[in-house]
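# Secondary and tertiary structure notes
One-letter residues, chain by chain:
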Amino acid sequence: LLPQSMRPCTIAYNTAVSACEKGGHWQLAASLIQDLQQKALQVDTITQNIWISACGKRGSWDMALGYFDHLQMEGSQPDAFTYNAAMSACERSRKWEIAIS
């Protein structure tokens, strides 16, 4: 086992997921999020926003909105960045009608 000071935390995962999202490596981002959850670390609003943004950049507006809906059903409180990421996902796929509904 790693010492507590060397164990990965949500912030480290968010940084790695963000780098994957920016580099267009959405599959690696998804894998990191799964790993984060398996390690029982908290998936926070930042993690959620990065994943929705990654889906949007990939052109998977439906996946982005599906995750957005899932978060709300679980009681997660989206912030302005979450809404923006979801709307951007729709806009990138020319689904602006959905973004404003």
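Cut-off values and rules
Residues numbered from 1 in each chain as written. Predicted model: local features only at pLDDT ≥ 70, side-chain atom pairs only at ≥ 80, totals over all residues. Heavy atoms only, no water. Helix = DSSP H or I, 4+ residues; strand = E, 2+ residues; numbered from the N terminus. Rg over C-alpha atoms; globule rule 2.2 N^0.38 Å. Buried < 20%, exposed > 50% of the residue type's maximum accessible area, 1.4 Å probe, protein only. Contact = heavy atoms within 4.5 Å. Areas by Shrake-Rupley, 256 points an atom, 1.4 Å probe, with all protein chains shown as cover. Lys, Arg positive; Asp, Glu negative; His and termini not counted. Charge placed at Lys NZ, Arg CZ, Asp CG, Glu CD. Salt bridge = Lys/Arg side-chain N within 4 Å of Asp/Glu carboxyl O. Core = buried A, V, L, I, M, F, W, Y, C linked by side-chain atoms within 4.5 Å. Disulfide = S-S within 2.5 Å. Expected span 1.5 Å × (residues − 1).

### Looking at the overall build of the chain
Along its length, the chain carries 6 helices and 0 strands. Along the chain, helices (α) and strands (β) appear in the sequence α-α-α-α-α-α when read from the amino end. Relative to the globule expectation of 13 Å for 101 residues, the C-alpha radius of gyration of the chain, 14 Å, shows essentially globular dimensions. Seen along its three principal axes, the alpha-carbon backbone of the chain occupies a region of about 50 × 30 × 20 Å. Residues counted as buried form 37% of the 101 residues belonging to the chain. Across the chain, every contact between residues at least 6 apart in sequence was considered, and the portion connecting residues at least 24 apart equals 54%. Of the accessible surface of the chain, which amounts to about 6,500 Å², a share of 56% is contributed by carbon and sulfur atoms. Of the charged side chains in the chain, 8 are positive and 9 negative; the average position of the first set lies 8 Å away from that of the second.

### A few points about the pattern of salt bridges
With the rule as written, the count across this model stands at 2 salt bridges. Taking the shortest distance from any N to any O, the salt bridge between Lys-57 and Glu-21 comes out at 2.7 Å. Here Lys-57 is found in helix H3 (residues 45-58), whereas its partner Glu-21 is found in helix H1 (residues 10-23), with 36 residues between them in sequence. On the basis of relative accessibility, which here comes to 45%, the residue Lys-57 falls in the partly exposed class. Among the salt bridges present, the one from Lys-39 reaches Asp-35, with a minimum N-O distance of 3.2 Å.

### Remarks on the environment of Leu-65
Mapping Leu-65 onto the fold places it in helix H4 (residues 61-73). Residue Leu-65 is classed as buried on the basis of its relative accessible area of 18%. Taking the C-alpha atoms as reference, Leu-65 lies 8.8 Å from Met-87; in sequence the two are 22 residues apart. In contact with Leu-65, not counting residues within four places along its chain, are Ala-86, Cys-90 and Ile-98.

### Description of the nonpolar core
Formed by 22 residues in total, the largest nonpolar core has its most connected members in Val-17, Trp-51, Ile-52 and Tyr-67. What Tyr-67 contacts, discounting residues up to four positions off in sequence, is Val-43, Gln-48, Trp-51 and Ile-52.

### Digging into the state of the cysteines
Counting across every chain of the model gives 0 disulfides. With no disulfide of its own, Cys-9 lies 16 Å from the sulfur of Cys-20, the closest cysteine sulfur. Cys-55 takes part in no disulfide bond, and the closest cysteine sulfur to it belongs to Cys-90, at a distance of 11 Å.

### Thoughts on H1
Residues that lie three or four places apart on an α-helix share one face, since the helix turns once every 3.6 residues. An ideal rise of 1.5 Å per residue puts 20 Å on 14 residues; H1 measures up with 20 Å between its terminal C-alpha atoms. Buried-residue contacts for H1 involve helix H2 (26-38) and H3. Directly after H1, the chain includes Gly-24, whose backbone phi takes a positive value near 80°.

Honestly, that's just the spatial picture; any functional story needs more than this.
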